Amino acid sequence: MPQGASLNSNAPAEMFGRVAKMQSKLHRWAAADPGRRFDDLFNLVHDPATLMVAFARVAGNRGAHTAGVDGLTVADVEQRLGVPGFLEDLRRSVKDGTFRPLPVRERMISKPGGSGKLRRLGIPTIADRVVQAALKLVLEPIFEADFLSVSYGFRPQRRAHDAVADIQRLGTQGYLWVLDADIEACFDSIDHAALLGRVRDRVKDKRVLLLVKAFLKAGIMTESGAMKVTDTGTPQGGILSPLLANIALSVLDEHLMAPWRPDGSMGTTYRRHHRRSLGLPTWRIVRYADDFVVLVHGQQADVDTLHESLVDVLRPMGLRLSPAKTRVLHMVDGFDFVGFRIQWKRKRGTNKWYVYTFIADRPFQAVKAKIRALTHRVSQANMGAVITRINQILRGWTNYFRHAVGKHTLNRLRYFVNWRLIRWLRKRHRWRWGQFRRRFTTPNGRWLPIAAQGITLFNPAAVTVTRYRYRGNTIPNPYLQTNHA
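Each chain has its residues counted from 1, following the order in which its sequence is written. Two thresholds apply to this predicted model, a pLDDT of at least 70 for residue-level local features and 80 or more for giving and counting side-chain atom pairs, whereas whole-chain, interface and lining totals are computed over all residues. Only hydrogens and water are removed before side-chain values are computed, so all heavy atoms of the structure are retained for them.

Draft legend 1. Region of interest: the confidence of the model for the protein chain. One confidence number per residue, pLDDT, is output by the predictor and ranges from 0 to 100. Mean pLDDT over the protein chain works out to 93, with 96% of the residues at or above the 70 mark. Long-range and interchain partners of residues 1-11, a stretch whose pLDDT sits below 50, account for 24 contacts in this model, where long-range means more than four residues apart. Residues count as neighbours in contact if any of their non-hydrogen atoms are within 4.5 Å of one another.

Draft legend 2. Fine view of the packing of aromatic side chains. Centres within 6.5 Å make a pair out of two Phe, Tyr or Trp rings, where for Trp the six-membered ring is used; the pair is then stacked when the planes are under 30 degrees apart, edge-to-face when over 60, and tilted otherwise. The final tally for this structure, using the stated rule, is 18 aromatic pairs. For the pair W397 and F401, a centre-to-centre distance of 4.7 Å together with 50 degrees between the ring planes defines the contact as tilted. On the criterion of helical spacing, the pair formed by W397 and F401 is a turn pair, its members being 4 residues apart in helix α15 (residues 383-401). There is no split in this pair, since W397 and F401 are both buried. Geometrically, the ring pair formed by F436 and F440 is stacked, given 4.6 Å between the ring centres and 20 degrees between the ring planes. For every residue, the accessible area obtained with a 1.4 Å probe (protein chains only) is divided by the maximum for its type, and the residue is called buried under 20%, exposed over 50%, and partly exposed between those limits. Note on F440: relative accessible area 11%, which makes it buried. Feature note: the residues Y415, W419, W431, W433, F436, F440 and W447 constitute an aromatic cluster, connected by ring pairs. A ring is scored as having a charge over it whenever the NZ atom of a lysine or the CZ atom of an arginine sits within 6 Å of its centre and within 35 degrees of its normal. Looking at R284, its charged tip hangs above the ring of W260, at a distance of 4.5 Å from the centre. Numbering of helices and strands starts at the N terminus; helices are DSSP runs of H or I of at least 4 residues and strands are runs of E of at least 2.

Draft legend 3. Representation of unusual backbone geometry within the structure. Positive phi, normally seen in glycine, also occurs at F154, with a value near 55 degrees. Counting through the fold element by element, F154 comes out in the loop between α6 (126-144) and α7 (160-172). The phi dihedral of V338 falls on the positive side, at around 45 degrees, and the residue is not glycine.

Draft legend 4. A look at the side chain of H403. If you trace the backbone, H403 turns up in the loop between α15 and α16 (407-429). Taking relative accessible area as the criterion, H403 reaches 19% and is therefore assigned buried. The definition of a polar contact used here is a pair of N or O atoms within 3.5 Å, where within protein one atom must be able to donate a hydrogen and the other to accept one, and adjacent residues in sequence count solely through side-chain atom pairs. Separated by 3.0 Å, the side chain of H403 and the backbone oxygen of T466 make a polar contact. Non-local contacts of H403, meaning those with residues more than four positions away in its chain, are made with H161, T466, R467 and Y468.

Draft legend 5. Layout of the sheet that holds strand β11 (residues 353-359). When DSSP finds at least two bridges between two strands, those strands are taken to pair. The antiparallel open sheet is built from 3 strands, whose spatial order is β9-β10-β11. Only two strands of the sheet have a single partner each, and these edge strands are β9 (335-337) and β11. Looking at each pair of strands side by side, their axes are set apart by 35 degrees on average, direction ignored. Where strand β10 (residues 340-346) and β11 come together, 7 bridges link them in antiparallel fashion. The residue bridging K345 from the neighbouring strand is Y354, located in β11. Angles run from 0 to 180 degrees between N-to-C directions of axes, and those axes are lines fitted to C-alpha atoms, restricted for helices to the stretch in contact.

Draft legend 6. Here's a closer look at the pairing of β10. In this sheet, β10 lies alongside β9 in antiparallel orientation, the contact comprising 3 bridges. Of the residues in β10, the one forming a bridge with F337 is F340. Linking β9 to β10, which pair antiparallel, is a turn of 2 residues; within it V338 sits at a positive phi near 45 degrees. Connecting β10 to the next strand, β11, in antiparallel fashion are 6 residues, including G349 with a positive phi near 85 degrees.

Draft legend 7. View of the nonpolar core. Take the buried residues of types Ala, Val, Leu, Ile, Met, Phe, Trp, Tyr and Cys, join any two whose side-chain atoms come within 4.5 Å, and each joined set is a nonpolar core. Judged by nonpolar contacts, the single largest core of 135 residues is most densely connected at L41, V130 and V294. The leading source of residues in this core is α6, at 12 residues. Not counting chain neighbours up to four residues away, the residues in contact with L41 comprise L26, V138, L139, I142, V203, D205 and V208.

Draft legend 8. Structural context of the sheet that holds strand β3 (residues 177-182). In spatial order, the strands read β6-β7-β3-β8; together these 4 strands make up an open sheet with antiparallel pairing. Each edge of the open sheet is held by one strand with a lone partner, namely β6 (282-288) and β8 (327-330). With strand direction ignored, the average angle separating the axes of adjacent strands in the sheet is 20 degrees. The pairing of β3 with strand β7 (residues 291-297) spans 6 bridges and is classified as antiparallel.

Next comes the structure, spelled out in structure tokens:
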């Protein structure tokens, strides 16, 4: 990329193309030489095109309206500072080495699933987010060449449904013993020295390494206004954090999948069958960020042995498995993974057993809690606005779970939402049951859908349930696409 290029370019599409070509080259070079350490990446990080694309990514995120410790949002940058000037100043400070990340702003949010527990988010400033996004644009193509196919979380073109489909496929093949593992405070506990060591295996440029280290050591400003030093961990909420967590947790993938290399003891179907004929186990990990399961074709004792080995693998990274949440089980007992309940069950009316994917109870209780919060009986909120928000929640929730065996659950959700609104409307307008019926039924007695201001309540039970097909090696790699126009 031309080093003298200006951020005042009127051709953002050209910049996106340049960045895509740069990423494609880095990925090809990394894949061609697994031992290569990349130098001179720093110029790519502060290149005008990289920063422009990074800012576009930050502005397009849901957190664009959330400010860091400096109080600035994306809208403030666009309206008060001007994007070209902001990026030019940022580029200059990164290039001359005067850029220093500010502490992230702590924000405690409820963990998904309705457990009632809190999760700490670290919200960086807009400037820090742009530099993190630029680092990610440069580093991700390199490390994507090393990441194994068993990892699905926070990776381009991969999603939670792929991980669930992989588990379902393996269970069908006889991998029925499960190590359902939970890493205790993963994002808060990663050892910085060990993490930087793994980054250093691929990155030789000291200026890039110093930038990554600066973000790790930036600190946290707590909700009470106190400063907290970050000796370990990578705060959730940062754009770079998921990539760094995947780099750290890839030690699990590499350890457990080493026998699956072409020359390994499980490298071919024949070798795996041969091992099992000798009474030896075969295994495979499926990981979504810090949530992972190890599936074993063998006996419970084999899972216990693997469990012990993982403790030793995670220790150098500063991580440990939660004794309370990590368990060994058979798939007939079922387990929860990324919101789904996965269980080996007999099909009704037959003697055949299959691996089924249901909707877990925790996300179902969580979506019900959101509906309750919107339909409190004494609420005086605008009816149309409430239905609009409920529809947004229901569409997003059902779109995620539409690949589960969940028609019964979707009908329960429809029933719950309808009755929450019915009770709310009756309380609000002091209607008796007969009065309500007259307003929401046709003359021949058929129920009308609940609606207000031209907005009709979404029916989750009408969502078509389809099976999600395992994609495996057909998952597209964005860095191998040749057309970057």
